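What follows is each chain in one-letter form.
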Amino acid sequence: MAKYETIIEDINSNIKKSTGLSGLVSRAISACAIAVVGSSTGNTANTALALIYDYEKCNEYAKVIMDKSTLLFNTSDDVINDYWKKAYPTYDEFKDAKRRIEASKKLVQLCRDTINATEGYKFIFWALMILTVDKTDAEEHLALICDFAKMLRITEDEFEDIIQTIKIVYHEVTTEYVFKSENIPSTLGALFNMYDR
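What counts as what
Residues numbered from 1 in each chain as written. Predicted model: local features only at pLDDT ≥ 70, side-chain atom pairs only at ≥ 80, totals over all residues. Heavy atoms only, no water. Helix = DSSP H or I, 4+ residues; strand = E, 2+ residues; numbered from the N terminus. Buried < 20%, exposed > 50% of the residue type's maximum accessible area, 1.4 Å probe, protein only. Contact = heavy atoms within 4.5 Å. Areas by Shrake-Rupley, 256 points an atom, 1.4 Å probe, with all protein chains shown as cover. Axes fitted to C-alpha atoms, helices over the stretch in contact; angles between N-to-C directions. Parallel < 35°, antiparallel > 145°, perpendicular 65-115°, else oblique. Left-handed = near helix turned anticlockwise from the far one by under 90°. Nonpolar A, V, L, I, M, F, W, Y, C, P; charged D, E, K, R; others polar. Salt bridge = Lys/Arg side-chain N within 4 Å of Asp/Glu carboxyl O. Expected span 1.5 Å × (residues − 1). Arc of directions from axis to C-beta. pLDDT = per-residue confidence, 0-100.

A word on the overall build of the protein
Next up, step 1: Regarding its fold elements, the protein presents 10 helices and 0 strands.
Next up, step 2: Listing each helix as α and each strand as β along the protein from the N terminus yields α-α-α-α-α-α-α-α-α-α.
Next up, step 3: For the protein, with 197 residues in total, the buried portion stands at 46%.
Next up, step 4: Within the protein, contacts between residues separated by at least 24 positions form 70% of all contacts whose residues are at least 6 apart in sequence.
Next up, step 5: Summed over its atoms, the accessible surface of the protein is roughly 10,200 Å², and 52% of this surface lies on carbon and sulfur atoms.

A closer look at the packing of helix 6 (residues 117–133) against helix 8 (residues 156–169)
Next up, step 1: One can describe the packing of helix 6 onto helix 8 by two numbers: an axis separation of 10 Å at closest approach and a directional angle of 50°. As the angle between them shows, helix 6 and helix 8 are arranged oblique. The handedness of the crossing between helix 6 and helix 8 comes out as right-handed. Listed contacts from helix 8 to Tyr 121, Ile 124, Phe 125, Leu 128, Met 129 and Thr 132 of helix 6 are Glu 158, Phe 159, Ile 162, Ile 163, Thr 165, Ile 166 and Val 169.
Next up, step 2: Of the residues belonging to the contact of helix 6 with helix 8, the class tally is 10 nonpolar, 2 polar and 1 charged.

Some points on the packing of helix 3 (residues 60–68) against helix 6
When two helices pack together, you describe them by how their axes are tilted relative to each other and by the distance separating the axes.
Next up, step 1: The contact between helix 3 and helix 6 brings their axes to 8 Å, and the two run at 165°. Between helix 3 and helix 6, the angle is such that the two are roughly antiparallel. As helix 3 runs across helix 6, the sense of the crossing is right-handed. Of the residues in helix 6, those in contact with Tyr 61, Ala 62, Ile 65 and Met 66 of helix 3 are Trp 126, Met 129, Ile 130 and Val 133.

Side note on the pattern of salt bridges
Next up, step 1: What the rule picks out here adds up to 6 salt bridges.
Next up, step 2: Measuring nitrogen to oxygen at the nearest pair gives 3.1 Å for the salt bridge that ties Lys 68 to Glu 9. Placement of Lys 68 in helix 3 and of Glu 9 in helix 1 (residues 2–19) is noted, with a sequence separation of 59 residues between them.
Next up, step 3: On the basis of relative accessible area, Glu 9 is assigned to the partly exposed category, the value being 36%.
Next up, step 4: One connected set of salt bridges, linked through shared partners, spans Glu 93, Arg 99 and Glu 102.

With respect to helix 7 (residues 138–151)
Next up, step 1: Between the first and last C-alpha of helix 7 there are 20 Å, a value that for 14 residues agrees with the 20 Å anticipated at 1.5 Å per step.
Next up, step 2: Taken together, the buried positions of helix 7 are occupied by His 141, Ile 145, Phe 148 and Ala 149. For helix 7, the angular spread of buried residues about the axis comes to 100°, placing them on one side. Along helix 7, exposed side chains directed more than 90 degrees from the buried face belong to Glu 139 and Lys 150.
Next up, step 3: Residues of helix 7 that are buried sit in contact with helix 5 (97–112), helix 6 and helix 8.
Next up, step 4: Arg 153 occupies a position one or two residues after helix 7 and carries a positive phi of about 60°.

Topic: unusual backbone geometry
Next up, step 1: Phi at Asp 137 is positive, roughly 50°, even though this residue is not glycine.
Next up, step 2: Assignment of secondary structure puts Asp 137 in the loop between helix 6 and helix 7.
Next up, step 3: You can call Asp 137 partly exposed: its relative accessible area is 42%.
Next up, step 4: Unlike most non-glycine residues, Arg 153 shows phi in positive territory, near 60°.

Considerations on the confidence of the model for the protein
Next up, step 1: For the protein, the average pLDDT comes to 85, and 84% of its residues sit at 70 or higher.
Next up, step 2: A low-confidence stretch, residues 21–43 (pLDDT under 50), is modelled with 31 contacts involving residues beyond four sequence positions or located in other chains.

Here you go:
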């Protein structure tokens, strides 16, 4: 399990590098993101994934992804603080259906904002990564992921490219793949270098 945790941390770190902002703002955001702690496990967890998955029902591999992956959502008027961590700090935030619907709408709104555009792709990437390691209620989870992808305006080509990226991560690529979108290689591109693809 420790090896898998390290792999997820490395993937998360490489994704951050490829989509990071430059200069002082990037350093301030990174420092702030590191300082913010907010999950039921005490880690800086990706609580947005709890909109799709019930943390308590996930297997250990899925929990590692939820605990070790990160998203960073800022608002136009506050590019320093992570809005999501502040508003939804724990997995338990979404046990109430009304709160879950409110948070889902907010996630979509945040991802449609230019400053957070890449976070929507990363959200779908991490959700699909969980689906590869935890098959419990797979059809229901895939339907939710597809619903979010549609609301986030992720095209079929981008969705297919995200799936291809996951295949690269898991070394399931047997032939050379030509990406169909520009956004996925630029958002998740550091993973290709990580695995010499």
